[in-house]
Amino acid sequence: MGKKHTSTRQGRKNKIGFREECAAHINEDGTKGAPCWIYTMAIDYDASWDDFKNDSRFQRDHFYPVSTHPHLEEDPTNWMPSHAGCNRERSNKAPRAGLAPPSRQWT
Ligand SMILES: [Zn+2]
């Protein structure tokens, strides 16, 4: 890896790509769509990002909160699929004990 800096355009492209990657993921049981990493429940990938009443809609979460790890905000290895509701509830708290560190195991 050379330069660590991610341009805004690249960041935006990655963000959309991440949602698509999660939505297209096939789970072990044959269902489609990567589950929420916080409670491993299915995410509503059909819901729009601005469907604010729908807590099951997809949101990109950061394993290491941006508040404490701002340099990891645009690092795809720090991105996790989550429910909007779980993400909001978790806020900037550290990951729950027992949760696996970021990995691409679910891809
Ligand atoms: Zn969740």
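Above this note sits the structure.
Note that the coordinates shown come from a computational prediction; the quantities given were computed from them, not determined experimentally. (Residues numbered from 1 in each chain as written. Predicted model: local features only at pLDDT ≥ 70, side-chain atom pairs only at ≥ 80, totals over all residues. Heavy atoms only, no water.)

This next bit is on unusual backbone geometry. The backbone of Thr40 shows a phi angle near 45°, a positive value even though the residue is not glycine. With respect to the element layout, Thr40 can be found in the loop between helix 1 (8–24) and strand 1 (58–62). In this structure Thr40 comes out as exposed when scored by relative accessible area, which is 60%. (Helix = DSSP H or I, 4+ residues; strand = E, 2+ residues; numbered from the N terminus. Buried < 20%, exposed > 50% of the residue type's maximum accessible area, 1.4 Å probe, protein only.)

To continue, consider the nonpolar core. Within soluble globular proteins, side chains that are nonpolar generally end up buried alongside one another. In terms of nonpolar packing, the biggest core is built from 13 residues, with Cys22, Tyr45 and Phe58 touching the most fellow members. Within the residue set of this core, elements represented by two or more residues are helix 1 and strand 2 (79–83). When near neighbours in sequence (up to four residues on either side) are disregarded, Tyr45 contacts Arg19, Cys22, Ala23, Gly33, Ala34, Phe58 and Pro81. (Core = buried A, V, L, I, M, F, W, Y, C linked by side-chain atoms within 4.5 Å. Contact = heavy atoms within 4.5 Å.)

Attention shifts here to the coordination of the zinc ion. All of the protein donors around the zinc ion are Cys36 (SG), His83 (ND1) and Cys86 (SG); their distances to the metal are 1.9 to 2.3 Å. Mapped onto the sequence, the residues coordinating the zinc ion show the spacing C-x46-H-x2-C. Here His83 lies in strand 2 and Cys36 lies in the loop between helix 1 and strand 1, a separation of 47 residues in the sequence. Assigned by exposure class, Cys36 and His83 land together as buried. (Donors = N, O, S within 2.8 Å, 3.2 Å for Na, K, Ca; no water.)

Time to look at the pairing of strand 1. A large share of strand 1 lies buried, amounting to four of its five residues. As defined by bridge partners, strand 1 adjoins strand 2 across five bridges and the pair is classed as antiparallel. In the sheet register, Phe58 faces strand 2, and the bridge partner there is His83. (Pairing = 2+ DSSP bridges.)

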